[in-house]
Amino acid sequence: MMAQRCPDGEPVDEIYVCATLCCVLAAGFVTDTIGIHALFGAFVVGILVPKEGAFAGALVEKVEDLVSACFGKIVGTVVVSLLCKMPFQEALAVGFLMNTKGLVELIVLNIGRDRKVIQFPFFFSSY
């Protein structure tokens, strides 16, 4: 449906890319909620998205930008941490934490605490 609204030769409206990425996240959330792995829902949405046309090109471009930005931040932090003689696992953890910011950081830290991945004594909770 969104791909049909984006004819070739015309710029793709950003709202369509955002809506598609929101659908991927929502599908992952729904499948995780019903007990199936979250990747399955995202996979199903990925099957439904057309692979040719202006919309597919714009979607791929935006996702590539996002992935390369995240990858660059993580790798850069890990390399500097390793140069400062930090153990690899800690360097990787710092790299992922440096990639989060603001509200996303709080969400990631709370999920890590709930799943018992993060057990820092200095991680305070308001519960």
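Calculation notes
Residues numbered from 1 in each chain as written. Predicted model: local features only at pLDDT ≥ 70, side-chain atom pairs only at ≥ 80, totals over all residues. Heavy atoms only, no water. Helix = DSSP H or I, 4+ residues; strand = E, 2+ residues; numbered from the N terminus. Buried < 20%, exposed > 50% of the residue type's maximum accessible area, 1.4 Å probe, protein only. Contact = heavy atoms within 4.5 Å. Areas by Shrake-Rupley, 256 points an atom, 1.4 Å probe, with all protein chains shown as cover. Expected span 1.5 Å × (residues − 1). pLDDT = per-residue confidence, 0-100. Core = buried A, V, L, I, M, F, W, Y, C linked by side-chain atoms within 4.5 Å.

## Points about the overall build of the chain
In step 1: For the chain, the count of helices and strands is five helices and zero strands.
In step 2: Order of helices (α) and strands (β) in the chain, N terminus to C terminus: α-α-α-α-α.
In step 3: Split into buried and exposed, the 127 residues of the chain put 23% on the buried side.
In step 4: Partitioning the intrachain contacts of the chain with sequence separation of at least 6 by distance along the chain shows that 37% fall at a separation of at least 24.
In step 5: Per element, the accessible surface of the chain, about 9,700 Å² overall, is 70% carbon and sulfur.

## Structural notes on helix α1 (residues 14-33)
In step 1: Helix length check: α1, at 20 residues, gives a terminal C-alpha distance of 29 Å against a target of 28 Å (1.5 Å per residue), a fit within 8%.
In step 2: Downstream of α1 by a residue or two, Gly-35 has a phi angle that is positive, lying close to 100°.

## Overview of the confidence of the model for the chain
In step 1: Of all residues in the chain, 80% attain a pLDDT of 70 or more, and the chain-wide mean is 79.
In step 2: Predicted confidence in the chain is weakest over helix α5 (residues 102-114), with a mean pLDDT of 68, and strongest over α1, with 89.

## What to know about the side chain of Thr-31
In step 1: Structurally, the position occupied by Thr-31 is in helix α1.
In step 2: On the basis of relative accessibility, which here comes to 9%, the residue Thr-31 falls in the buried class.
In step 3: If we ignore the near neighbours within four places in the chain, the residues touching Thr-31 are Ile-36, His-37, Ala-38, Phe-40 and Gly-41.

## Notes on the nonpolar core
In step 1: Core analysis: the biggest nonpolar cluster contains ten residues, these being Val-12, Tyr-16, Val-17, Ala-27, Val-45, Val-49, Ala-54, Phe-55, Ala-58 and Leu-59.
In step 2: Counting only elements with at least two residues in this core, the list comes to α1 and α3 (54-83).
In step 3: Here this core takes four residues from α3, the largest share from any one element.

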